Amino acid sequence: MATHGNEVARATYERRVPAFYYRPSSADCTLLREQWIRAKYERQEFMHPDRQEPYSAGYREGLLWKRGRDNGQFLSRKFVLTEREGALKYFNRADAKEPKAVMKIEHLNATFQPAKIGHAHGLQVTYLKDNSTRNLFLYHEDGKEMVDWFNALRAARFHYLQVAFPGASDADLVPKLSRNYLKEGYMEKTGPKHTEGFRKRWFTMDDRRLMYFKDPLDAFARGEVFIGSRDSGYAVLEGLPPTTPGLHWPHGITIVTPERRFLLACESSAEQRAWVQALRGVVERPMLPQEYAVEAHFKHKP
């Protein structure tokens, strides 16, 4: 390092980093940062492409600890990722012939959530089931194994998107491979008539989907709200209407959509500011053509 400096070292040890491989920042969890350093210097994976086989082969299978949907216990489950079928599958038994679930790569996301899951290697995988979000909470005791799974999922997404958008550059596709949530935390909400009592819920802002759960580790959301753009009639207001009944946290937020208003409340002004900033960031962003189809589905939900 003293002789050659960062640039020469980077040109050597990062010579062949695959476009899909996640490059962590200082804001990422310890596991991602540690495994990036080990992959570069200890295993020299980016100098020797044959060492990238665990996440670049297009097929991967192994056992991961998965949280049960109903009992909350983590149990060992067999997972299979196959790019050829464009799917991630898991099986309740290692010898099972049929998978318990098939998750299409097209609608899949993965993000590390060690604090939420309660394990330093905790990974949250989400996919769409009947256009509703389904959460899986996973971990593996071996940190390299978990990061290899994460990058294998990103590789599968990358190759799917290369086919789906043949004219797109790597720079266009890489931001779509996986995403962290814009904001998560507790807020209170009331029902559509605004006469029900406020109830504490865990909220997750995932791109344009605002989801709320009774518990942060629930498999399915209690409800989802599509957050469109200002041009389509969406807005985020600080405070609640003065006539709002019932006891609630003091710092309100009103989300205006073309169909109705959603009334939420935060415990602190700092949380209110953070949520308003996150929500307004989405509202100020123009909608993509494919997002109008998602919006139409939300409008026709029963």
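Everything numeric in this text was worked out from a predicted model, so none of it was measured.

Asker: Help me out: how do you make sense of the packing of helix H2 (residues 30-42) against helix H5 (residues 143-164) in this one?
Answerer: When two helices pack together, their arrangement is given by the angle between the helix axes and the distance between those axes. Following both chains from N to C, one finds H2 and H5 inclined at 95°, their axes separated by 10 Å at the closest point. As judged from the angle between their axes, H2 and H5 are roughly perpendicular. In this structure, H2 uses Leu31, Leu32 and Gln35 to contact H5, whose residues at the interface are Gly143, Lys144, Met146, Val147 and Phe150. For the contact of H2 with H5, the residue count by class is five nonpolar, two polar and one charged.

Asker: I tried to follow the packing of aromatic side chains on my own but got confused; where do I start?
Answerer: For any pair of aromatic rings, the description consists of the separation of the ring centres together with the inter-plane angle of the planes. On inspection of all chains with the given rule, the structure shows 17 aromatic pairs. Pairing Trp65 with Tyr139 gives two aromatic rings, centres 6.2 Å apart and planes at 15°, and the pair type is stacked. With Trp65 in strand S1 (residues 59-67) and Tyr139 in strand S7 (residues 132-139), this pair connects stretches of sequence that are 74 residues apart. Of the aromatic side chains, those joined through ring pairs into one cluster are Phe20, Tyr21, Trp36, Phe46, Tyr55 and Phe158. The cationic tip of Lys200 hangs over the ring face of Tyr186; the distance from NZ or CZ to the ring centre is 4.4 Å. Here the basic side chain of Arg260 rests over the ring of Phe262, its NZ or CZ set 3.7 Å away from the ring centre.

Asker: Would you mind going over the UniProt feature "domain: PH" (unreviewed entry) in the protein with me for this structure?
Answerer: UniProt's entry tags residues 57-158 and 180-284 with the feature "domain: PH" (unreviewed entry), counted in the numbering of this structure. Within the segment residues 57-158, helix and strand shares are 20% and 46% respectively, and the terminal C-alpha atoms sit 13 Å apart. Taken end to end, residues 180-284 is 14% helix and 38% strand, and its first and last C-alpha atoms sit 19 Å apart.

Asker: Which parts of the structure should I look at to understand the layout of surface pockets?
Answerer: Over the atoms a probe the size of a water molecule is rolled, and this reveals where empty space is left. What the largest pocket holds in volume is close to 1100 Å³. Lining the largest pocket are 29 residues, with Arg157, Arg179, Asp207, Gln290 and Glu291 sitting closest to its centre. Those elements giving two or more residues to the lining of the largest pocket turn out to be strand S5 (108-112), strand S6 (123-129), H5 and helix H8 (289-299). Considering each element in turn, the lining of the largest pocket owes the most residues, four residues, to H5. Among the residues forming the lining of the largest pocket, the class breakdown is 12 nonpolar, seven polar and 10 charged.

Asker: Quick question: what am I supposed to make of the sheet that holds strand S11 (residues 223-226) here?
Answerer: Two orientations exist for strands paired in a sheet by backbone hydrogen bonds: parallel and antiparallel. Taken in spatial order, the seven strands of this open sheet run S11-S10-S9-S8-S14-S13-S12, and their pairing is antiparallel. Each of the sheet's edge strands pairs with one partner strand only, and the pair in question is S11 and strand S12 (235-238). When the angles between neighbouring strand axes are averaged without regard to direction, this sheet yields 35°. Of the strand pairs in this sheet, strand S10 (residues 209-213) and S11 are connected by four bridges, and their pairing is antiparallel. Each residue of the ladder has a partner; that of Arg209, found in S11, is Phe226.

Asker: What is the right way to look at the pattern of salt bridges in this model?
Answerer: Here the idea is simple: oppositely charged side chains can pair when their charged atoms come close. Within this structure, the stated rule accounts for 18 salt bridges. For the salt bridge of Arg93 with Asp95, the shortest nitrogen-to-oxygen distance reads 3.2 Å. Each of the two residues, Arg93 as well as Asp95, counts as exposed. Taking the shortest distance from any N to any O, the salt bridge between Arg179 and Asp206 comes out at 2.6 Å. With Arg179 in the loop between helix H6 (170-173) and strand S8 (183-189) and Asp206 in strand S9 (residues 199-206), this pair connects stretches of sequence that are 27 residues apart. Judged by its relative accessible area of 34%, Arg179 is partly exposed. By relative accessible area, Asp206 is classed as buried at 4%.

Asker: Can you help me understand the nonpolar core in this one?
Answerer: Buried together is how nonpolar side chains tend to be arranged in soluble globular proteins. In this structure, Leu88, Phe112 and Val125 are the most contacted members of the largest nonpolar core, which totals 39 residues. When contributions to this core are tallied by element, the ones reaching two or more residues are H2, strand S2 (74-82), strand S3 (87-91), strand S4 (101-104), S5, S6, S7 and H5. The element contributing the most residues to this core is H5, with 10 residues. Setting aside residues up to four positions removed in sequence, Leu88 forms contacts with Phe79, Val80, Leu81, Ala101, Val102, Met103, Ile105, Leu108, Val125, Trp149 and Leu153. Met205, Ile227, Tyr234 and Val276 belong to the second largest nonpolar core, which has 22 residues in total.

Asker: Can you help me understand the pairing of strand S13 (residues 251-256) in this one?
Answerer: Counting buried positions along S13 yields five of six residues, so the element is predominantly enclosed. Here four bridges tie S12 to S13, and the two strands are oriented antiparallel to one another. When the bridges of S13 are listed, Glu238 appears paired with Ile253. Here S13 pairs with strand S14 (residues 261-266) via six bridges, running antiparallel. Directly across from Val256, in S14, lies its bridge partner Arg261. The antiparallel pairing of S13 with S14 creates a hairpin that spans four residues between the two strands.

Reading the values: the criteria
- Residues numbered from 1 in each chain as written.
- Predicted model: local features only at pLDDT ≥ 70, side-chain atom pairs only at ≥ 80, totals over all residues.
- Heavy atoms only, no water.
- Axes fitted to C-alpha atoms, helices over the stretch in contact; angles between N-to-C directions.
- Helix = DSSP H or I, 4+ residues; strand = E, 2+ residues; numbered from the N terminus.
- Parallel < 35°, antiparallel > 145°, perpendicular 65-115°, else oblique.
- Contact = heavy atoms within 4.5 Å.
- Nonpolar A, V, L, I, M, F, W, Y, C, P; charged D, E, K, R; others polar.
- Phe/Tyr/Trp six-rings, centres within 6.5 Å; stacked < 30°, edge-to-face > 60°.
- Lys NZ or Arg CZ within 6 Å of the ring centre and 35° of its normal.
- UniProt positions renumbered as here; feature names shortened; annotations may be inferred.
- 1 Å grid on protein atoms, 1.4 Å probe; cavity = no way out; pocket = protein on both sides within 12 Å on 5 of 7 lines; lining within 4 Å.
- Points joined across faces, edges and corners; volume = space filled by probe spheres on them.
- Pairing = 2+ DSSP bridges.
- Salt bridge = Lys/Arg side-chain N within 4 Å of Asp/Glu carboxyl O.
- Buried < 20%, exposed > 50% of the residue type's maximum accessible area, 1.4 Å probe, protein only.
- Core = buried A, V, L, I, M, F, W, Y, C linked by side-chain atoms within 4.5 Å.

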